[in-house]
Amino acid sequence: MKPTEFNGASVRRFFLSSLVFLPLCFYIWHVLAPAIAIPIGWTVEKIATTFWPELFSVMELSKAQLFVEMSVGEEEGKILPASIVGNRLGFYVETRLVTFSLPFYFALLLAIPNGSFNRHHVMGLILILIFCIAGAVGFCLKESLILLGPGLFEESMFLPIELIVFFYQFSILIFPTLGPVLILGVIYHIEGADAESDIS
């Protein structure tokens, strides 16, 4: 496998191509957001209700928004099981917040000079989808932390609050833009190593 070789001209072409493909990829992603949200919402629901059934009850999709219904409710400022208070707390997860690494990844991939879609790029896409799901789970945990308060949250989750906050910020603010760049950089390195081994 011959890796893509970058020089001054190809770097400029890559940068300009990225600017061209970014709006197109983001538009397609925006249109397909409800469809992209289906597998992510289903997976997040299975994870949340399996590992934390005392907090999460059911989740429903409305276009690209995931409505999370919790297993607890509120009465006179107290958080109690929903079976006692007769109501449930809930919140929305905007899946676009955790999936906008996808159009960024595809825009960069399409902009690679003489690039081709191969198994390494498929693995990169799968890795990004895993991070999207993990980010949605982190979003749910962050919202639960806000609704329950630090004390009750730590009693229910046995997870450090600092870890939840860091993971939420990483999933929303850092990974969507930095993740695709790092993944494609690793792929470029792997393909270069494969090419050298084929030559030798």
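The structure we're discussing is the one just above.
For clarity, every value in this text was computed on a predicted model and none was experimentally measured.

Participant: Go over the nonpolar core with me, naming the residues and quoting the values.
Facilitator: With 41 residues, the main nonpolar core has Val44 and Phe56 as its most contacted residues. Of all elements in the fold, only helix 1 (8–51), strand 1 (56–62), strand 2 (65–70), strand 5 (90–94), helix 4 (101–111), helix 5 (119–148), helix 6 (150–157) and helix 7 (161–199) reach the threshold of two or more residues within this core. Those residues within four positions of Phe56 in sequence are excluded, and the remaining contacts are Ala48, Thr49, Val68, Glu69, Met70, Ser71, Phe91, Cys140, Leu141 and Ser144.

Participant: Describe the packing of aromatic side chains, naming the residues involved and giving the relevant values.
Facilitator: Under the defined criterion, the tally for this structure stands at 10 aromatic pairs. Centroid distance Phe51 to Trp52: 6.1 Å. Interplanar angle 50°. Geometry classified as tilted. Since its relative accessible area comes to 14%, Trp52 is described here as buried. Measuring from ring centre to ring centre gives 6.4 Å for Trp52 and Phe56, while their planes differ by 70°; the resulting arrangement is edge-to-face. Considered together, Trp52 and Phe56 belong to a single accessibility category, that of buried residues. Taken together, the aromatic side chains of Phe131, Phe166, Phe170 and Phe175 make up a single cluster linked through ring pairs.

Participant: Got a sec to walk through the packing of helix 4 against helix 5? Specific residues and values, please.
Facilitator: Contact geometry of helix 4 with helix 5 gives a least axis separation of 10 Å together with a crossing angle of 160°. Relative to helix 5, helix 4 is oriented roughly antiparallel. Helix-helix and strand crossings are classified by hand; for helix 4 and helix 5 the assignment is right-handed. The residues of helix 5 that touch helix 4, namely those facing Ser101, Leu102, Tyr105, Phe106 and Leu109, are His121, Gly124, Leu125, Ile128, Leu129 and Cys132. Of the residues contributing to the contact of helix 4 with helix 5, the split by class is 8 nonpolar, 3 polar and no charged.

Participant: Describe helix 5, and please don't skip the residues or the numbers.
Facilitator: Along an α-helix, a turn takes 3.6 residues, which lines up residues three or four apart on a common side. Its 30 residues give helix 5 an end-to-end C-alpha distance of 43 Å, which sits within 8% of 44 Å, the value for a rise of 1.5 Å per residue. Taken from the residues just after helix 5, Gly149 is the one with a positive phi, measuring 90°.

Participant: Tell me about unusual backbone geometry, residues and numbers included.
Facilitator: Peptide bonds are, in most cases, trans, and in most cases residues other than glycine have a negative phi. With phi around 60°, Lys63 is a residue other than glycine that occupies positive phi space. Structurally, Lys63 can be placed in the loop between strand 1 and strand 2. You can call Lys63 exposed: its relative accessible area is 69%. A positive phi angle is found at Glu76, which is not glycine, with a value near 55°. Among the structural elements, Glu76 can be located in the loop between strand 3 (72–75) and strand 4 (78–81).

Participant: Tell me about helix 6, residues and numbers included.
Facilitator: Among the residues of helix 6, those classed as buried are Phe153, Ser156 and Met157. Relative to the axis of helix 6, the buried residues are bounded by an arc of 80° and lie together on one face. Directly after helix 6, the chain includes Phe158, whose backbone phi takes a positive value near 55°.

Participant: Talk me through the packing of helix 5 against helix 6; I want residue IDs and the actual numbers.
Facilitator: It is the contact of helix 5 with helix 6, at a shortest axis distance of 7 Å, that shows an interaxial angle of 130°. Here helix 6 runs oblique to helix 5, going by the angle between their axes. Crossing hand, helix 5 versus helix 6: right-handed. Within the contact between the two elements, helix 5 uses Leu141, Ser144, Leu145 and Leu148 and helix 6 uses Pro150, Leu152, Phe153 and Met157. Per-class residue counts for the contact of helix 5 with helix 6 are 7 nonpolar, 1 polar and no charged.

Calculation criteria
- Residues numbered from 1 in each chain as written.
- Predicted model: local features only at pLDDT ≥ 70, side-chain atom pairs only at ≥ 80, totals over all residues.
- Heavy atoms only, no water.
- Core = buried A, V, L, I, M, F, W, Y, C linked by side-chain atoms within 4.5 Å.
- Buried < 20%, exposed > 50% of the residue type's maximum accessible area, 1.4 Å probe, protein only.
- Helix = DSSP H or I, 4+ residues; strand = E, 2+ residues; numbered from the N terminus.
- Contact = heavy atoms within 4.5 Å.
- Phe/Tyr/Trp six-rings, centres within 6.5 Å; stacked < 30°, edge-to-face > 60°.
- Axes fitted to C-alpha atoms, helices over the stretch in contact; angles between N-to-C directions.
- Parallel < 35°, antiparallel > 145°, perpendicular 65-115°, else oblique.
- Left-handed = near helix turned anticlockwise from the far one by under 90°.
- Nonpolar A, V, L, I, M, F, W, Y, C, P; charged D, E, K, R; others polar.
- Expected span 1.5 Å × (residues − 1).
- Arc of directions from axis to C-beta.

These values are about where atoms sit, not about what they do.
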